[in-house]
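Coordinates in review
Here's the letter readout for the chains.
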Amino acid sequence: MSSNLNSGAINQMSTFAMHVAKTGLNSQQIKMQVIANNLANVNTTGFKSDRTNFESLLYQVLRGAGENTSENTSLASGLSVGTGTRLLNTSKLHTQGSLINTGNSLDISIEGDGFFQILMPDGQIGYTRSGAFMRNSEGTVVTPSGYPIQPEIQIPADTSTITVASDGIVTVQVPGDVAAQEVGQITLADFVNRQGLQPNGESMFVETPASGAPIIANPFAEGMGRVVQGSLESSNVNVVQELVDMIETQRAYEVSSKTITSVDEMMRFIAQNI
């Protein structure tokens, strides 16, 4: 009878160990997906890399710290057994990417803080660091997907030269006019908590309750950066660091898998010998 009880307790503990190892497998698998996405976007203009944040799951407290061990003594440390880990969230690293000179007059990058504001098809305002703009058939400055920048900027059809100043003022030179004509002002948006922005694809972010309301200002004002014409901001993915993280994640996954194999062998031994 005692042997059966001990066997049952051991099997239960082994099952818990397998569950803990399984949480490690699941977490490392998701982390590998995040790393793969970072590497896949290494050449995506304005892309910001993701970082994974883990947390431990609830602990089983078998004996509390300070519990009496005799009439006059107590445990200096409790007996707590962890139940695994989980991936809590991912956070965007909003560090500056390198500026790549393109020479295109409507390629615009931001050096410093801020996002371009884009009107998306669903009526929401998207925020992006990708400034690969162009003119549509009506002369409106739009993204490659055809979404207009906000506030809208119209470029006259007969424009010969487009100039974007570092403070965001857009001027054009039209044949027959001596002076340049101002056609718009690029404004930037920023957030108290950029980590709270929700990635929405197409290099866009959207506002969430966690990010707070956008702070909108011209370049150089209220802590905003400056705009640079004729250049694009490259992805801030550090390929070497991502490869190191990939190897580390692979090893952690293998260790968790090995734990499950070892526990299975222990349970098989118990079944055959007890």
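Every chain is numbered on its own, with residues counted from 1 as its sequence reads. Only residues with pLDDT of at least 70 are given local features in this predicted model, and only at 80 or more are side-chain atom pairs given and counted; all residues enter the totals for whole chains, interfaces and linings. Only hydrogens and water are set aside; all other atoms, that is, all heavy atoms of the structure, feed into the side-chain values.

**What about the side chain of K31?**
- For the purposes of this entry, the term helix denotes a DSSP run of H or I that reaches at least four residues, the term strand denotes a run of E that reaches at least two, and both are numbered from the N terminus. Looking at the element boundaries, K31 is found in helix 1 (residues 2-40).
- Given a relative accessible area of 13%, K31 falls into the buried group.
- We call two residues in contact when some of their heavy atoms are within 4.5 Å. Setting aside chain neighbours within four positions, we find K31 in contact with T52, F54, L87, E248 and T249. Only protein chains enter the accessibility calculation, which uses a 1.4 Å probe. A residue is then buried if its area is under 20% of the maximum for its type, exposed if over 50%, and partly exposed in between.

**Thoughts on a nonpolar patch on the surface**
- On the surface, L62, L79 and V81 cluster together to form a nonpolar patch covering roughly 250 Å² of accessible area.
- Note that V81 resides in strand 3 (residues 79-82). A residue counts toward a patch only above 30% relative accessible area and without a salt bridge, and it is joined to like-charged neighbours within 9 Å or, for Val, Leu, Ile, Met, Phe, Trp and Tyr, to nonpolar neighbours within 5 Å. The method behind every accessible area is Shrake-Rupley, applied with a 1.4 Å probe, and residues are considered shielded solely by the protein chains displayed. One speaks of a salt bridge when a side-chain nitrogen belonging to Lys or Arg is within 4 Å of a carboxyl oxygen belonging to Asp or Glu.

**What about the nonpolar core?**
- F116, F133, I149, I153, I155, V170 and I186 are the most contacted members of the largest nonpolar core, which totals 25 residues.
- Elements represented by at least two residues in this core include exactly strand 6 (108-111), strand 7 (116-119), strand 11 (161-164) and strand 12 (169-173).
- Apart from residues no more than four positions distant in its own chain, I149 is found in contact with F116, Q117, I118, F133, V141 and I186.
- Here, nonpolar core means buried Ala, Val, Leu, Ile, Met, Phe, Trp, Tyr and Cys residues that are tied together by side-chain atoms lying within 4.5 Å of each other. If you look at the next biggest cluster of nonpolar residues, it comprises 6 residues, including F115, A189, F191 and L197.

**Thoughts on helix 2 (residues 239-273)**
- Expected helix span is taken as 1.5 Å per residue step, with the number of steps being one fewer than the number of residues. A rise of 1.5 Å per residue sets the reference length of helix 2, with its 35 residues, at 51 Å; its end C-alpha atoms lie 51 Å apart and thus fit the reference within 8%.
- Those residues of helix 2 that sit buried are E242, T249, S256, V263 and I270.
- With a side-chain oxygen positioned 3.2 Å from the backbone nitrogen of V240, the residue opening helix 2 is N238. Pairs of N or O atoms are called polar contacts if they sit within 3.5 Å, as long as, within protein, a hydrogen donor faces a hydrogen acceptor (for residues adjacent in sequence, only side-chain-to-side-chain pairs).

**Some words on the sheet that holds strand 13 (residues 181-185)**
- Two strands are said to pair when DSSP picks up at least two bridges between them. One open sheet holds the 3 strands; their spatial order is 11-12-13, and the pairing between them is antiparallel. Two strands lie at the open edges of the sheet, namely strand 11 and strand 13, each paired on one side alone. Put simply, the sheet's adjacent strands are angled 25 degrees from each other on average, direction ignored.
- Strand direction decides the pairing type here: strand 11 and strand 12, joined by 4 bridges, are antiparallel. In the strand pairing of strand 12, V164 is matched with V170. In this description, a line fitted to the C-alpha atoms serves as the axis of each element, helices being fitted only across the stretch in contact, and the angle between N-to-C directions of two axes falls anywhere from 0 to 180 degrees.

**Points about the packing of aromatic side chains**
- Stacked, tilted and edge-to-face are the three classes assigned to paired rings of Phe, Tyr and Trp, where Trp is represented by its six-membered ring and a pair needs centres within 6.5 Å; plane angles under 30 degrees give stacked, over 60 edge-to-face, the rest tilted. Scanning all chains against the criterion turns up 4 aromatic pairs.
- Taking the centre distance of 6.3 Å and the plane angle of 65 degrees together, the rings of F115 and F191 count as edge-to-face. Of this pair, F115 sits in the loop between strand 6 and strand 7 while F191 is found in the loop between strand 14 (188-190) and strand 15 (198-199), placing the two residues 76 residues apart along the sequence. The residues F115 and F191 share a single accessibility class, namely buried.
- Relative to F191, the ring of Y127 lies with its centre 4.9 Å away and its plane at 85 degrees, an arrangement referred to as edge-to-face. Here F191 lies in the loop between strand 14 and strand 15 and Y127 lies in strand 8 (residues 125-128), a separation of 64 residues in the sequence.
- Since its relative accessible area comes to 4%, F191 is described here as buried.

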